[in-house]
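Residue strings, one per chain:
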Number of protein chains: 2
Amino acid sequence: MASDQTRSAILAAAERLYADRGFGDVTLRDIVAEANVNLAAVNYHFGSKDELIAELFVTRSIQTNRERLNELKAAEEAGGGRAAIDDIMRALVGPTLRGCLGPDREGSTAARFMIRASIESVPPIRRIKNREVDHLRKFAAAMRRAMPGRDDTELYWGLHFALAMAHHTIREKERLLRLSEGKCDLDDVRAIIDRVVTVSVMALTMGDAPNKPAARPVLVHGRLTRQDL
Amino acid sequence: MASDQTRSAILAAAERLYADRGFGDVTLRDIVAEANVNLAAVNYHFGSKDELIAELFVTRSIQTNRERLNELKAAEEAGGGRAAIDDIMRALVGPTLRGCLGPDREGSTAARFMIRASIESVPPIRRIKNREVDHLRKFAAAMRRAMPGRDDTELYWGLHFALAMAHHTIREKERLLRLSEGKCDLDDVRAIIDRVVTVSVMALTMGDAPNKPAARPVLVHGRLTRQDL
DNA sequence: TTGCTTTTCAAACATTTGTATGAAACTATC
DNA sequence: GATAGTTTCATACAAATGTTTGAAAAGCAA
C-alpha cells in the first residue's frame with residue numbers, strides 16, 4: 001500500500017472516531033482498527049498520538065481561517081478597501097457557524113470533529129489555539145479601519161463577544177435546544193449568523209449616543225460572497 | 001484522624017490540584033500525596049474518582065446557583081414581584097463572573113477550579129451540567145414576566161447569549177488579554193458584568209422598532225444586593 | 001536480479017492508573 | 001476494658017495505553 005494511503009486512512013478514521021466519541025475514549029487501537037492498519041503505523045507516520053490530533057486540528061483550522069480571510073477580503077474589495085463592520089463580523093463568525101451547524105452538516109465528519117475540539121479541548125489542540133491570536137489581529141485591524149476613532153478596547157470586546165456567541169452556540173446547541181424545547185431553530189444557520197452579527201455590531205456601537213438609533217444595524221440576508229464555500 | 005478530616009483534606013487537595021493543573025494530568029496518587037492521606041482513602045470515602053470530581057463540582061455549582069437565585073429573588077422583591085430585565089440578567093451572569101474573575105480572586109481555589117471545569121469538561125462534570133437546564137428555566141420564566149408578549153424564542157436566545165459572553169470571558173480571558181495587549185481590563189469585574197448585561201439586554205430588545213432608542217438600556221453601577229456575597 | 005530504502009507487522013514493553021483487599025489501628029459504646 | 005464498627009494503611013491487582021523493536025514485506029532504482 002502506498003504510504004499516503006495509510007496516512008490518510010488513519011486521519012480519516014481518527015477524525016471520524018473523535019467526532020463521534022470524543023477524544024477521551026478513543027484509543028490508538030480503536031483508530032487503527034477502524035482504519036485497517038497496523039498499530040505501529042500511527043507512530044511511524046505521525047510520531048505520536050498528540051501529533052496526529054494536532055495535524056487533524058491544524059488542517060481544519062487552516063480551512064476555517066482561510067474561509068474567514070477570503071470573506072474579509074471580499075468584503076473589503078466590495079467596500080473599496082474598507083469593509084463595513086457588519087460584513088467583518090460576518091466573515092469572522094460565518095465560516096465557523098456554517099461549518100458546525102445546519103441540518104445537512106449532520107453527516108459532516110469535519111464539522112463534528114471541530115465541535116468536539118471546541119467542547120473537549122485536549123492539550124495538543126489547546127497549544128494550537130493559543131497561536132490563533134495572530135489570526136484574530138487581522139480582524140481587529142479591519143474593525144479599526146471600519147470604525148476609526150473608536151477605542152481599541154471596545155473593538156476587542158466586540159470581537160471577543162462575537163466569538164463568544166458563535167462558539168457557545170456550537171458548544172451548547174443541545175442545551176439551547178432542550179432549554180427552548182426545540183423552539184430555537186438551530187438549523188437555520190443564516191438566521192443564527194444574522195443574529196450573532198447583529199448583536200455583535202450592537203455591542204460595538206454600545207457607547208454611541210442613544211439619540212442615534214440609525215447606529216443600530218438592520219441586516220439583510222445573502223450578503224456573502226460564495227466564492228469559496 | 002476523624003473521618004471528616006480525611007474527607008475534606010481530599011476535597012481540598014483535589015480542588016487545588018485540579019485548579020492548578022487541570023483534570024487531565026492529576027492522578028489520585030497526586031491528590032492523596034497532596035492531602036497526606038492513603039491512596040485507598042479516596043475510594044473509601046467517595047467510591048470512585050469520578051464521584052470525587054462530581055462532588056467537587058456539584059458543591060460549587062450549588063453555591064453559584066444559590067447566589068443567582070438569591071439575586072433574582074432580591075430583584076423581584078425590589079420590583080414588587082416583577083424584576084427588571086437587566087437585573088435578571090445581572091443575577092444570571094454576576095455570580096459566575098464575580099466568582100471567576102477579578103484580581104483578588106487570583107488565589108481563590110474554588111474560582112480557578114470552576115474555570116478549569118469550564119475549559120476541560122470531563123465526563124462526570126458534563127453529566128451534571130446537563131441537569132442545569134431546570135435551573136435556567138427559572139430565569140427564562142422571570143424574563144418572560146419582565147418582557148411579556150415577547151416571543152419565547154427571543155428570550156432563550158438572549159439567555160443563551162448572556163451565558164455565552166460570561167462563560168467565554170472566563171474561558172478565554174488569557175486570550176483576550178493577549179489579543180488586546182492588556183488593554184481590556186479583566187480585573188474590573190463590575191464593568192465586565194455591566195458590559196455583558198448591557199449587550200444581553202440589547203440582544204433581547206433587538207426586534208424593537210429602531211425609533212425607540214429608549215429601549216437601549218443605560219445601566220448604572222452598584223445595583224446589587226450584597227446580602228449573600 | 002541485486003541492493004537499498006520505505007513501509008508494514010506482530011509482539012512486547014514500560015508505565016500509568018483506578019480500584020480492591022485484608023490486616024492493622026483507631027474509636028466509641030456498653 | 002472488651003467488643004463492634006469505622007477508618008487507615010501498605011500492597012497488590014488488573015487493565016489499558018502509548019510507544020518501541022526488530023524482522024518481514026514491499027517498492028524501487030540500477
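Residue numbers run consecutively from 1 along every chain, following the written order of its sequence. Both sets of labels track the order of writing: A upward for chains, 1 upward for ligands. In view of the model being predicted, local features appear only for residues whose pLDDT reaches at least 70, and side-chain atom pairs are presented and counted only at 80 or more, with totals across whole chains, interfaces and linings using the full set of residues. Note: side-chain values were computed over all heavy atoms of the structure, leaving out hydrogens and water.

Under an unreviewed UniProt entry, the name given to chain A is TetR family transcriptional regulator, and the source organism is Bradyrhizobium macuxiense.

Draft legend 1. Region of the structure containing the protein's contact with DNA strand C. Throughout this document, a residue counts as near a molecule or strand when at least one of its heavy atoms sits within 4 Å of that molecule or strand. Around DNA strand C there are 16 residues in total, and Thr6, Tyr44 and His45 of chain A together with Arg29 and Lys49 of chain B lie nearest to it. At 2.3 Å, a side-chain N or O of Thr6 of chain A approaches a phosphate oxygen of DNA strand C. Between DNA strand C and the protein, one listed contact pairs a phosphate oxygen with a side-chain N or O atom of Lys49 of chain B at 2.5 Å. At the level of secondary structure, the elements contributing two or more residues to the surface near DNA strand C comprise helix H1 (3-21) and helix H3 (40-46) of chain A together with helix H2 (28-35) and helix H3 (40-46) of chain B. Under this definition, polar contacts are N or O atom pairs within 3.5 Å; protein pairs additionally need one hydrogen-donor-capable and one acceptor-capable atom, and for neighbouring residues in sequence, both atoms have to be side-chain atoms. Strands here are runs of E lasting at least two residues and helices are runs of H or I lasting at least four, both read from the DSSP assignment and numbered beginning at the N terminus.

Draft legend 2. Molecular detail of the relation of the copies chain B and chain A. Only residues with pLDDT of at least 70 in both copies contribute their C-alpha atoms to the least-squares superposition of the copies. Superposition of chain B onto chain A requires a rotation of 180° combined with a translation of 0.0 Å along the rotation axis, giving an RMSD of 0.1 Å. Overall, the copies show the geometry of a two-fold rotation axis. Contacts: residue pairs with any heavy atoms within 4.5 Å of one another. In this assembly the copies share their binding face: 100% of the residues contributing to the interface of chain B also contribute to that of chain A.

Draft legend 3. Spotlight on the protein's contact with DNA strand D. Near DNA strand D lie 17 residues; those nearest to it are Lys49 of chain A together with Thr6, Asn38, Tyr44 and His45 of chain B. Those atoms of DNA strand D that come within 4 Å of the protein belong to sugar or phosphate at a rate of 52%. Arg29 of chain A places a side-chain nitrogen or oxygen 2.9 Å from a base oxygen of DNA strand D. Thr6 of chain B is positioned with one of its side-chain polar atoms (N or O) 2.3 Å from a phosphate oxygen of DNA strand D. The set of elements that each furnish at least two residues to the surface near DNA strand D consists of helix H2 (28-35) and H3 of chain A together with helix H1 (3-21) and H3 of chain B. Looking at the surface near DNA strand D, the element that brings in the most residues is H3 of chain B, giving three residues.

Draft legend 4. Just helix H11 (residues 189-204) of chain B, in detail. To estimate how far a helix should reach, multiply one less than its number of residues by 1.5 Å. With 16 residues, H11 of chain B extends 22 Å between its outermost C-alpha atoms, agreeing within 8% with the 22 Å of an ideal straight helix rising 1.5 Å per residue. Here's how the labels work: a residue is buried when its accessible area is under 20% of the maximum for its type, exposed when over 50%, partly exposed in between, all with a 1.4 Å probe on protein chains only. In terms of burial, H11 of chain B is largely enclosed, as 14 of its 16 residues are buried.

Draft legend 5. Layout of the interface of chain B and chain A. At the junction of the two partners, chain B supplies 49 residues and chain A supplies 49 residues. Defined here as a combined quantity, buried area equals the accessible surface (1.4 Å probe) lost by two parts on assembly, summed across both. Roughly 4900 Å² of surface becomes buried between chain B and chain A when both sides are summed, with 63% attributable to carbon and sulfur atoms. Notably, a salt bridge pairs Lys183 of chain B with Asp152 of chain A, separated by 3.5 Å at the nearest N-O pair. At the surface where chain B touches chain A, the tally comes to eleven residue pairs in polar contact (both at pLDDT 80 or more). Where the side of chain B that touches chain A is concerned, the elements lending two or more residues are helix H6 (109-120), helix H8 (133-146), helix H9 (152-171), helix H10 (173-179) and H11 of chain B. In terms of residue count, the dominant contributor to the side of chain B that touches chain A is H9 of chain B (15 residues). For the side of chain B that touches chain A, a count of residues per class yields 23 nonpolar, eleven polar and 15 charged. Criterion for a salt bridge: a side-chain nitrogen of Lys or Arg within 4 Å of a carboxyl oxygen of Asp or Glu. Under the grouping applied here, Gly and all other residues not named as nonpolar or charged are polar, the nonpolar ones being Ala, Val, Leu, Ile, Met, Phe, Trp, Tyr, Cys and Pro and the charged ones Asp, Glu, Lys and Arg.

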